[in-house]
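Chain by chain, the residues run as shown.
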Amino acid sequence: MSAAGVRRRWIPAAATGLLVLLSLTGLGLRWYWPPLPRAVDLRVVFAPGELGRSEPLIVSGATGNGDFFFIRYLDRDTAVLGYERWFTSPLLSPAFAVRPGEAHNLHLEVPAFSQVIGGFSPGENRLRIQLDGRVMFDRPVAFQLRRRSHLFFGENPIGGTACGSPFRGRLARLDGRTLRGGVRHLCSWPERLQGWLTEGRWQVFGVIVVSLGCAWLAWGVAALAPGQLGRTLCAARALVSTHRWFFGSALVCLAGFGHLITGGGGPWFHAEPFGNFFDYQAAALLHGRIDVPEISLSEEAFLIDGKFYGYFGLLPAGLRLPWVIFELGFGLLSRVYMLGAFAVALGAAYAVLLAIRRLVTPHPAAPPAWISVVFTLNAGLGSTFLFLGSRAYVYHEASLWGAALALLATVFALRHLARPASRAWLPALALAVLSLHARPTTGLYALVLVAGSALAVAARPWDRRSPLPFAAIRRPLLIAAACGAGVLTFNGVSYLKFGSFGGSPFQYHVQYPAERLARSEGKNFHLANFRHGFDHYLWVPAFTLRRNFPYFYMGGGRSPSYPNAKLDMEEPLTAIPYTMPGLTFLALGGVAAALRFRPRLLIPALVILAALIPMATALFMAIASSHRYTADFCPALIALAALGLAGIERLAPSARRALAAILLPLTAVGILCSSAIALHYQGAVVWGVPEKTMQHYEALRKRVDRFFGVADHAP
């Protein structure tokens, strides 16, 4: 490359990287505030007292989630100090004499100084206050983690009843600097820079990585040959045009999911109850910890040696890391991330369909329009994926990411089946492990699928010229062994958390006293539960049809008796054939197609079914059942459904028309059933939904019933 060509590349690359570096550094320093020392000494001058008047000294947190340290005057010359956490009763100190205009020494050890989101330290919950050497408080207290900038001196901008009016006296550092307002008065610019370069090192690292990435992108753009960018855009347009029926159907699914998850058009960035655990887990990982603050887990905490842990996988927390590093959107991203997981699941499902079709025809054309539309609508709106959009909290997000990643792993496992010499097994294995650390059951399915696809390759007749048969099966055996090691990574993370290889040692769970543990004998799985799980996930018609909107309801019907089952939790659950009839029909068709069109469809069908068995067995034997767990079956159902459509394409035109006449109504029924249970679950069943969303649902029910002349529904 000539010197002029090099200059044409590196000058814009360096300029872009430097500009991004300086911009992000400036923004980082503007937003960053280092945690304060555990102990701070101040000088305080009190104003004359007024009976019953409370004035803020230090306030931290936000509205509805804050702590207050204040002075309360008993009369003109007497006062007490107080500490209050929002929604709790205040703690008051012994009374002391107020001498207006006289400076006092105030020694503070307040949790709010050092306990910030992303920098919490278990055990540092002691409140110690000394006024002129006299101990006013010395006890552990409850507190709220605060954002770095949410600390205020002499003012109360967050509301509440603890203290309303501004402090009329004067707070100052020992060097004489007055403290009034935000935390900026406690940190100079050099102190902030030093803290940013040390305690904020991950943010510094992120700034450098983003700057280098932008420089690399500018280098690549500068290297484009004339017309190359236009040709790339033309290729992208051709790709979209070729698969336009999928993209159109996917947009419909995304719109429906987005409308549901926002409660009918609510905000995308929303603080969901029990929706910030992954943010706290990501912040803990940045500080080299796995334990999290108690506030992040609510009643799902495992308490071990004074530290709190969650049983949820680390993958969703890892996806939060870029935003947590830059302290953006903390606790507000659940809805956006779930929409992203849903989009990934849709794209992966369509990629599974394409991979299955390549197994039948090496270079197939794009799927027919009706196949693309029906398949996408069944995978998106006619499956439990839509139900997961009824509530953006930890359980549903973990399930959706687990299923999406399992589908992506399925794509590459099928590619490995089609081209055994390729390295498609590498991304398949990586994605399966990631799925395991989002949702263990979907990860188990994906890992068994990858191992099964490798062993299926080994089962094919090997090259007779090979000196030893082992040479042909060595690689598949190594892949299968790597999948086994992938399963053990879950047990390894569990051991780091709980000191136990089990994923959920309920003896440490805060909700499991001895009597509750006795119901399940302290185990997560029981063979005695198998029949209950098998029936409820695959057969029992536990639903009710009513004249009132939305007509199809989970629950009801007759359920067999299972006297030997050892169950701890049973949430509403309707079997898969009744809530996903389109996918079920296509999956059964996939099995039938595999039996008819051997061997091209038989091998992938056997691999998928073999991968489904361990995951399904675990769910059938589990001590808990819930409709959200049916999402774990979706990756296998979608893959088998793709086989069914591939088989339908190979039938005679009259047979295709007959099957389409059955499939289209089932698709419509599946969408209606999934939408009905999702709407009712969100508006009338699940906790943590905004009141406005429930009111909107109730108003919708009444409008629809009134339109059709149906009497008011029962609650």
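Here the structure is a predicted model, which is why all the values come from computation and not from measurement.

Participant: How should I be thinking about the nonpolar core in this particular structure?
Facilitator: The biggest cluster of nonpolar side chains holds 183 residues, and the ones touching the most others in it are Ile129, Tyr445 and Phe633. At 17 residues, the largest contribution of residues to this core is made by helix α9 (residues 334-360). Not counting residues within four places of it along the chain, the set of residues in contact with Ile129 comprises Phe69, Leu81, Leu106, His107, Leu108, Glu109, Val110, Arg134, Val135, Met136 and Phe137. The next biggest cluster of nonpolar side chains, apart from the first, holds nine residues, and it includes Phe302, Ile304, Tyr309 and Leu517.

Participant: Please clarify how unusual backbone geometry should be interpreted in this entry.
Facilitator: Where the residue is not glycine, phi is negative for most of them; where a peptide bond is considered, it is trans in most cases. The linkage connecting Phe549 with the following residue, Pro550, adopts the cis geometry, with an omega of 5 degrees. Unusually for a residue other than glycine, Glu327 sits at a positive phi of about 55 degrees. Residue position: Glu327 is located in the loop between α8 (315-325) and α9. Take Glu327: its relative accessible area is 30%, and that puts it in the partly exposed class.

Participant: What am I meant to see in the packing of helix α6 (residues 244-261) against helix α10 (residues 369-380) here?
Facilitator: To characterise two packed helices, one gives the angle between the axes of the helices and the distance between these axes. Packing of α6 against α10 brings their axes to within 8 Å, and their N-to-C directions diverge by 25 degrees. In terms of axis orientation, α6 runs roughly parallel to α10. Considering how the two elements wind past one another, α6 and α10 form a crossing that is right-handed. Where α6 abuts α10, its residues Trp245, Phe246, Ser249, Ala250 and Cys253 lie against Ala369, Ser372, Val373, Thr376, Leu377 and Gly380.

Participant: Help me understand the pairing of strand β1 (residues 39-45), please; the structure alone is not making it clear to me.
Facilitator: Two faces, one strand: in a regular strand the side chains alternate between the faces of the sheet. Side chains Val40, Leu42 and Val44 project from β1 onto a buried face, and the interleaved Ala39, Asp41, Arg43 and Val45 project onto a face without burial. Across seven bridges, the pairing between β1 and strand β7 (residues 103-109) is antiparallel. Counted as the bridge partner of Val44 is His104 from β7. Bridging between β1 and strand β11 (residues 170-173) involves four bridges; their strand directions are antiparallel. Bridge assignment links Leu42 to a residue of β11, and that residue is Arg173.

Participant: Please explain the sheet that holds strand β12 (residues 178-179) as it appears in this structure.
Facilitator: Each strand in a sheet pairs with another by means of backbone hydrogen bonds, the pair being arranged parallel or else antiparallel. Pairing is antiparallel in the open sheet, where six strands are placed in the order β9-β8-β7-β1-β11-β12. Only two strands of the sheet have a single partner each, and these edge strands are β9 (134-140) and β12. Both β11 and β12 contribute to a ladder of two bridges, which runs antiparallel. Its bridge partner lying in β12, Leu171 is registered against Leu179.

Participant: Sorry if this is basic, but what is going on with the packing of helix α20 (residues 602-621) against helix α21 (residues 634-649) here?
Facilitator: Running from N to C, α20 and α21 point in directions that differ by 165 degrees, and their axes come no closer than 10 Å. The angle between α20 and α21 places the two elements in the roughly antiparallel class. Crossing of α20 over α21 shows left-handed handedness. Counting all contacts with α20, which are made through Pro604, Ala605, Ile608, Leu609 and Leu612, the residues of α21 involved are Ala636, Ala639, Leu640 and Leu643. For the contact of α20 with α21, the residue count by class is nine nonpolar, no polar and no charged.

Calculation notes
- Residues numbered from 1 in each chain as written.
- Predicted model: local features only at pLDDT ≥ 70, side-chain atom pairs only at ≥ 80, totals over all residues.
- Heavy atoms only, no water.
- Core = buried A, V, L, I, M, F, W, Y, C linked by side-chain atoms within 4.5 Å.
- Buried < 20%, exposed > 50% of the residue type's maximum accessible area, 1.4 Å probe, protein only.
- Helix = DSSP H or I, 4+ residues; strand = E, 2+ residues; numbered from the N terminus.
- Contact = heavy atoms within 4.5 Å.
- Axes fitted to C-alpha atoms, helices over the stretch in contact; angles between N-to-C directions.
- Parallel < 35°, antiparallel > 145°, perpendicular 65-115°, else oblique.
- Left-handed = near helix turned anticlockwise from the far one by under 90°.
- Pairing = 2+ DSSP bridges.
- Nonpolar A, V, L, I, M, F, W, Y, C, P; charged D, E, K, R; others polar.

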